[in-house]
Amino acid sequence: MGSEPDTPSTRDLGFVGGLGGGFPAERAALVVYLMAGYPDRETSLAALHAVADAGADVIELGVPFGDPVADGPVIAEAAKVAREGGFGLAETIGLAAEFIASRAAGRHPAPPVALMTYLNPLMRFGLPRAAAALAEAGVAGVIVPDMPPDSAAPWLAATAAAGAPETVFLVAPTSTPERLATVAASASGFVYAVSTTGITGERAELAAGLEAFVARVREATTLPVAVGFGISEPAQAAEVARMADGVVVGSAVVRRQGDPRAVGEFVAALAEAVRSARG
Amino acid sequence: MSDVFLPSAELAYSSPDAKGFFGPYGGTFVPETVVPALAELAEAFEAALDDPSFAEEYTTLLADYVGRPTPLYRADRLAAEVGLGAVYLKREDLTHTGAHKINNTVGQALLARRMGKLRVIAETGAGQHGVATATAAALLGLECVVFMGTEDIRRQSLNVYKMRLLGAEVVPVADGTGTLADAVTAALRHWVERVEDTFYVLGSAVGPHPYPAMVREFQKVIGEETLVQLQGREAPLPDAVVACIGGGSNAIGMFYPFLRDLPAGRRPLLVGAEAAGLGVETDKHGAALTKGSPGVLHGFYSYLLQDDAGNPLEAYSISAGLDYPGVGPEHSYLKDEGLVRYEAVTDAEALDAFALLTRTEGIIPAIESSHALAMLPRLAAELGPEATVVVNVSGRGDKDMDIVREAGLGGE
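Residues numbered from 1 in each chain as written. Chains lettered and ligands numbered in written order. Predicted model: local features only at pLDDT ≥ 70, side-chain atom pairs only at ≥ 80, totals over all residues. Heavy atoms only, no water.

**Things to note about the overall build of chain A**
So, point 1. Per the secondary structure count, chain A includes eleven helices and eight strands.
So, point 2. Projected onto its principal axes, the C-alpha coordinates of chain A cover approximately 50 × 40 × 40 Å.
So, point 3. Among the 279 residues that make up chain A, the fraction classed as buried is 60%.
So, point 4. A separation threshold of at least 6 residues defines the contact pool for chain A, and within that pool the share at least 24 residues apart is 74%.
So, point 5. On chain A, roughly 10100 Å² of surface is accessible, and the fraction owed to carbon and sulfur atoms is 53%.
So, point 6. Of note, chain A has its 19 positive side-chain charges centred 1 Å away from the centre of its 30 negative side-chain charges. (Helix = DSSP H or I, 4+ residues; strand = E, 2+ residues; numbered from the N terminus. Buried < 20%, exposed > 50% of the residue type's maximum accessible area, 1.4 Å probe, protein only. Contact = heavy atoms within 4.5 Å. Areas by Shrake-Rupley, 256 points an atom, 1.4 Å probe, with all protein chains shown as cover. Lys, Arg positive; Asp, Glu negative; His and termini not counted. Charge placed at Lys NZ, Arg CZ, Asp CG, Glu CD.)

What follows is the structure, given as structure tokens:
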């Protein structure tokens, strides 16, 4: 926050506290997912700014990958388009760095940014090199859907050495109490609760038993708990905001990502719904 | 069974470790949603192995239903043609449904029933695993859904028809290249959604733990029978043993007993034949071990065909069973340790071997198995005219008639 505009240092970008800084105490946070490089670099950068201006508390930036096994058709198709435009992990880190630096130089710092990437792009890049590059770019966290905490030791060692970013792990309705404890022991930033078994994508209704599931996760961790997968419109976001610390909206945003103004309007509506949910 | 060679056999070769790692390869890299299901599966698998009634039911089905043991046939006309002393063919093509895949699907379907999961899903490339899964599901009264790429559906329409006859639902997968890798992804996605009532019958020695170890367990009968059948022949141990490698299940089934039961000094040369497609110098091949580098795909760490950004590359082979960009993690380990040698065989070499076996012995092999047969001339040049080689004929070629006809074999 207090850095000199012309030379933004990653240590002074306003979220030195990490992803947790995006979670206000008095209400749920709005976590918005965008696909890097979709439909092209310039438009995705404009979408990042639009989303930040519209009130996103945390931004998840997706890294395009060729085998998005946890993602539904909207995000998979966006990843394909972005990859055809030459986007991968290196380009995504570059985009994030530019976005974070330009916000820091302006009046409104960027909300904390977490990269959502599959494991293999990190491995191919080199885990220590990836952690260092993310730290340097000011990226606050990563979410790696195919890296459960039991398999994360090499990555966690790399981020410990680099001093950042935080690593968010996922829990699912199928998670046993032992699994919740394992995730809680490894996670930092927040815990990502997958609302339903299955892949990302918009759904008409929230999963039955979601509230009880979220309560179970909350008992297992002191970190904020954000709920994602299947949240497609403001009323659902408000409903989730009443039970969780964060609401993640992905496919419904990416579907509008080609038009940054439409993204901004949609995210503003989501933000309004989340902010008034507990009112 | 084959402990005639080395009574304290387990010391010779022991992998994977408790978390499913073969050296650095393997492991569990999957969405959290399926982690509990994999743990449950590993536990149920271990319990089944400790239960004599499971083994009895499995071995009875292998004998009476699958038709085991399969013959070890001495192919003298083939040996003379390629310039070797003796060639033995392990006839997995003579199993019920015509390929080694049935050994595994019967085992996994029994396990599914034992776990109370009455719905099974599978991926398939050439369709052999799909047919074998649909067959085992019909046998045990399980609901069955098979995911298959649209390109493979085109190449293997007869197998699609068979699966439907057997009562399975075949779900076309149009993503990507419409081949095996896309079918695996679709099956994994579906499993993530329906994990609570569904058992995923994985067809090769790939995937997250415990699949590679479990598939090996259900395929090791190939090598165990071979070791016993070699007794009483002129040479109790051959100079080389060859199998083709896509994911690598028939190969690990053949190699594992040799690795486990024989000290290194007495082990034959073990050779895995990958798909070189149009040539490993082109971008049209499936040779993950020869040309790939380690990475994570489909839940495990192994050699993988990938681009600079870590995206899996499209694999290609004339054979739908071998065009997979990854390979089973145990094979990556065996390569690095120098315990198995891996070579790549082109489409053209495989077609030549297909024609040769057909004409010299009256055996029509699968185009996959033809990649293993294509190693024979190379081994003759290396090992000399007295050498004895065992080839695993993993499946029969009925399914490949359209492909070999398109390639110009047997023209009028």
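**A look at the pattern of salt bridges**
So, point 1. Taken as a whole and judged by the stated rule, the model has 36 salt bridges over all chains.
So, point 2. Note that A:D150 and A:R179 form a salt bridge whose closest N and O atoms lie 2.6 Å from each other. Residue A:D150 is located in the loop between strand 4 (141-143) and helix 6 (153-162), and its partner A:R179 is located in helix 7 (residues 177-186); the two are separated by 29 residues in the primary sequence.
So, point 3. A relative accessible area of 11% means that A:R179 is categorised as buried.
So, point 4. The residue B:E343 makes a salt bridge to B:R378 at a minimum N-O spacing of 2.8 Å. Placement of the pair is B:E343 in strand 13 (residues 341-346) and B:R378 in helix 16 (residues 375-383), with a sequence separation of 35 residues.
So, point 5. Shared partners join several salt bridges into a network, and the residues in it are B:E151, B:D152, B:R154, B:R155 and B:D323. (Salt bridge = Lys/Arg side-chain N within 4 Å of Asp/Glu carboxyl O.)

**Focus on the sheet that holds strand 4 of chain A**
Residues and elements named next belong to chain A.
So, point 1. A barrel is described by the order of its strands in space; here eight strands give the closed sequence 1-2-3-4-5-6-7-8, paired in parallel fashion. Each adjacent strand pair in this sheet contributes to an overall mean axis angle of 25 degrees, direction not counted.
So, point 2. Examined bridge by bridge, strand 6 (residues 191-194) and strand 7 (residues 225-228) share four bridges and lie parallel to one another. Bridge assignment links V194 to a residue of strand 7, and that residue is G228.
So, point 3. In the packing of helix 7 onto the sheet, the strands contacted are strand 5 (166-171) and strand 6, and the crossing angle to strand 5 comes to about 170 degrees. (Pairing = 2+ DSSP bridges. Axes fitted to C-alpha atoms, helices over the stretch in contact; angles between N-to-C directions.)

**A closer look at the layout of surface pockets**
So, point 1. Here the second largest pocket is characterised by a volume of approximately 440 Å³.
So, point 2. In terms of lining, the second largest pocket is formed by 22 residues, of which the most central are A:R179, B:T28, B:V35, B:L38 and B:A39.
So, point 3. It is helix 1 (residues 35-49) of chain B that provides the largest number of residues to the lining of the second largest pocket, a total of seven residues. (1 Å grid on protein atoms, 1.4 Å probe; cavity = no way out; pocket = protein on both sides within 12 Å on 5 of 7 lines; lining within 4 Å. Points joined across faces, edges and corners; volume = space filled by probe spheres on them.)

**Points about the sheet that holds strand 5 (residues 119-124) of chain B**
All names here are of chain B.
So, point 1. In spatial order, the strands read 7-6-5-8; together these four strands make up an open sheet with parallel pairing. Taken across any chain shown, the strands that pair with only one partner, and hence form the sheet edges, are strand 7 (169-173) and strand 8 (198-200). Going across the sheet, the axis of each strand differs from the next one's by a mean of 25 degrees, ignoring polarity.
So, point 2. Pairing of strand 6 (residues 143-149) with strand 7, which is carried by five bridges, proceeds in the parallel orientation. In the strand pairing of strand 7, V145 is matched with E169.
So, point 3. Running over the sheet, helix 5 (residues 128-140) touches strand 5 and strand 6 and is turned about 165 degrees from strand 5.
So, point 4. Across the sheet, helix 8 (residues 180-193) lies against strand 5, strand 6, strand 7 and strand 8, angled at about 160 degrees from strand 5, the strand it touches most.

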